[in-house]
Amino acid sequence: TGLNWDRAVGILAENGFTDFILNACWAGTAHYDSSLLSVAPEVATRGDQVKECLAACRKHGVKLHVWRVCWNMGWKVPEAFVAKMKREGRTQVDKDGMSEPKWLCPSHPDNQKLEIAAMLEIAKKYAVDGIHFDYIRYASSKFCFCTGCRRRFEESLGSKVKNWPGDVVKSGDLNRKWLDFRRKNITAVVAAVSREAKAIRPGLSVSAAVFSDWARDRDDIGQDWKLWCDSGYLDFVCPMDYTTSSHDFRTMVAKQLKWAGKTRLYPGIGLSLWPSSDRMARLIEQVGTVRELGAAGFAIFNYGPSEAREILPLCGMGLTKEREER
């Protein structure tokens, strides 16, 4: 609000920030000129947001990563698109048969193709520095048990599941195979995008915002981000460590450094979710923890008017001020 891209990115650069992750793409909507997704109506009045932001980033020497919300149609996605996906059996269903019409099913081949194509379109159209996955997961542990998931899981087994979904949710060998099936659906998209995007634009960074507890979340939401790091699919990873607890933040980052291995770790700091009274002090403390533990950097969620006016100028006075080489 009140800033154009030139000024918004200029404030980042002036205060020592190196990269900007632009939220410009959801499961069914693009805030740029897309031939695959519905184009947000704001583009007609405010312009192609990737093009305009990229121009500002180039001017100010800031790297631009375009952020895509995967599978989730929950914000500014045309109702006609949502209805079409549900009608075609492409949305998620929980174990009790209740529909989640705002989430695309990750096992559906057409949904996987759409996710991959949408990410690759960005890499083809724009000379950006990176593409960034968000919501690259299932909605929760309750999903997805649609008829398509059953059919595709049974095909992967080579046999029928007698009692659906009861037999796959209780502990045992079938449950382990089911959880692996879910993980593979998500990982297939990450792997394909990483491989093909880098062929399209060598040097492009592929990154992801992920849940904080890999050991638990790989089962709960099918997000096996340690595997993505180990396999070289990601150039950096941003666990969403959105806590006000200094102890919890330190514990999470210490674990995540081991899980990330050789992949750069930029812990996500949840600044915009904190009470305003002590945001700066808490930010200084958490950035200090990141640096003490040896992470490659940090990411702050998110960039809004108050951050531009109040937080970034204070960061630039010390926390992110360029240090003179000695």
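Please refer to the structure higher up on the page.
Predicted model only: the values in this text are computed from it and were never measured. (Residues numbered from 1 in each chain as written. Predicted model: local features only at pLDDT ≥ 70, side-chain atom pairs only at ≥ 80, totals over all residues. Heavy atoms only, no water.)

Trainee: Before we move on, can you summarise helix α4 (residues 79–87) with the specific residues and values?
Mentor: Buried within α4 are the following residues: Phe81, Val82 and Met85. Projection of α4 onto a plane perpendicular to its axis shows the buried side chains occupying an angular sector of 100 degrees, all on one side. Every exposed residue of α4 that faces more than 90 degrees away from the buried side is listed here: Glu79, Ala80 and Arg87. Gly89 lies just past α4 and shows a positive phi near 70 degrees. (Buried < 20%, exposed > 50% of the residue type's maximum accessible area, 1.4 Å probe, protein only. Helix = DSSP H or I, 4+ residues; strand = E, 2+ residues; numbered from the N terminus. Arc of directions from axis to C-beta.)

Trainee: Account for the pattern of salt bridges, with residues named and values stated.
Mentor: Counting across every chain of the model gives 26 salt bridges. With its nearest N and O atoms 2.8 Å apart, the salt bridge here joins Glu88 to Lys84. Using a relative accessible area of 38% as the deciding quantity, one classes Glu88 as partly exposed. Using a relative accessible area of 34% as the deciding quantity, one classes Lys84 as partly exposed. Across the pair Asp235 and Lys198 runs a salt bridge, and its minimum N-O distance is 2.5 Å. Highlighted residues: Asp235 in the loop between α10 (225–230) and β9 (236–239) and Lys198 in helix α8 (residues 173–200), separated in sequence by 37 residues. Here the salt bridges share partners, and the residues they tie into one network are Asp180, Arg183, Lys184 and Asp219. (Salt bridge = Lys/Arg side-chain N within 4 Å of Asp/Glu carboxyl O.)

Trainee: Would you mind going over unusual backbone geometry in detail, with residue names and values included?
Mentor: Omega for the bond connecting Phe143 with Cys144 falls within 30 degrees of zero, at -5 degrees, which places this linkage in the cis form. Along the chain, Cys144 falls in the loop between β7 (130–134) and α6 (147–157). The peptide bond linking Trp164 to Pro165 adopts the cis configuration, its omega dihedral lying at 0 degrees. Structurally, the position occupied by Pro165 is in the loop between α6 and α7 (166–169). The backbone of Trp71 shows a phi angle near 65 degrees, a positive value even though the residue is not glycine. Along the chain, Trp71 turns up in the loop between β4 (63–69) and α4. Positioned with a positive phi, Tyr135 is a non-glycine residue whose angle comes to about 55 degrees. The topology assignment puts Tyr135 in the loop between β7 and α6.

Trainee: An account of the pairing of β4 is requested, with residue identities and associated values reported.
Mentor: Within β4, six of the seven residues are buried, leaving the element largely enclosed by the surrounding structure. With six bridges joining them, strand β1 (residues 19–25) and β4 adopt parallel strand pairing. Bridge pairing in β4 places Leu22 opposite Val66. Two strands pair when backbone bridges link them, and β4 and β7 are joined in this way by five bridges, in the parallel orientation. Across the sheet, residue His65 finds its bridge partner in β7, namely Gly130. (Pairing = 2+ DSSP bridges.)

Trainee: Break down the side chain of Glu121 for me, with residues and values.
Mentor: You can see Glu121 is positioned in helix α5 (residues 109–125). It turns out Glu121 is buried and unbridged, and the closest side chain with the opposite charge, Lys125, is 5.3 Å from it. Excluding anything up to four places from it in sequence, Glu121 contacts Tyr32, Ser34, Ser35 and Leu36. (Lys, Arg positive; Asp, Glu negative; His and termini not counted. Contact = heavy atoms within 4.5 Å.)

Trainee: Describe the side chain of Thr263, with residues and values.
Mentor: Tracing the sequence through the fold places Thr263 in the loop between α11 (246–260) and β10 (264–265). Overall, the relative accessible area of 9% leaves Thr263 in the buried class. If sequence neighbours within four positions are ignored, Thr263 has contacts with Cys229, Leu234, Asp235, Phe236 and Val237.

Trainee: How would you sum up the packing of α11 against helix α12 (residues 279–293)? Please name residues and give values.
Mentor: One can describe the packing of α11 onto α12 by two numbers: an axis separation of 10 Å at closest approach and a directional angle of 30 degrees. When the axis of α11 is compared with that of α12, the two are roughly parallel. Along this stretch, α11 crosses α12, giving a crossing that reads as right-handed. For the pair α11 and α12, the contacting residues are Ser246, Phe249, Arg250, Val253, Ala254 and Leu257 in the first and Glu285, Gln286, Thr289, Val290, Glu292 and Leu293 in the second. Taken together, the residues of the contact of α11 with α12 break down into six nonpolar, three polar and three charged. (Axes fitted to C-alpha atoms, helices over the stretch in contact; angles between N-to-C directions. Parallel < 35°, antiparallel > 145°, perpendicular 65-115°, else oblique. Left-handed = near helix turned anticlockwise from the far one by under 90°. Nonpolar A, V, L, I, M, F, W, Y, C, P; charged D, E, K, R; others polar.)

Trainee: Now, about the packing of α12 against helix α13 (residues 305–319): what can you tell me, with residues and values included?
Mentor: With their axes 11 Å apart at the nearest point, α12 and α13 run at an angle of 50 degrees to one another. Here α12 is positioned oblique relative to α13, judged by the angle of their axes. The interaxial crossing formed by α12 with α13 has right-handed handedness. Residues Arg279, Met280, Leu283, Ile284, Val287 and Arg291 of α12 pack against Ser306, Glu307, Glu310, Ile311, Leu314, Cys315 and Leu319 of α13. Of the residues in the contact of α12 with α13, the class split is eight nonpolar, one polar and four charged.

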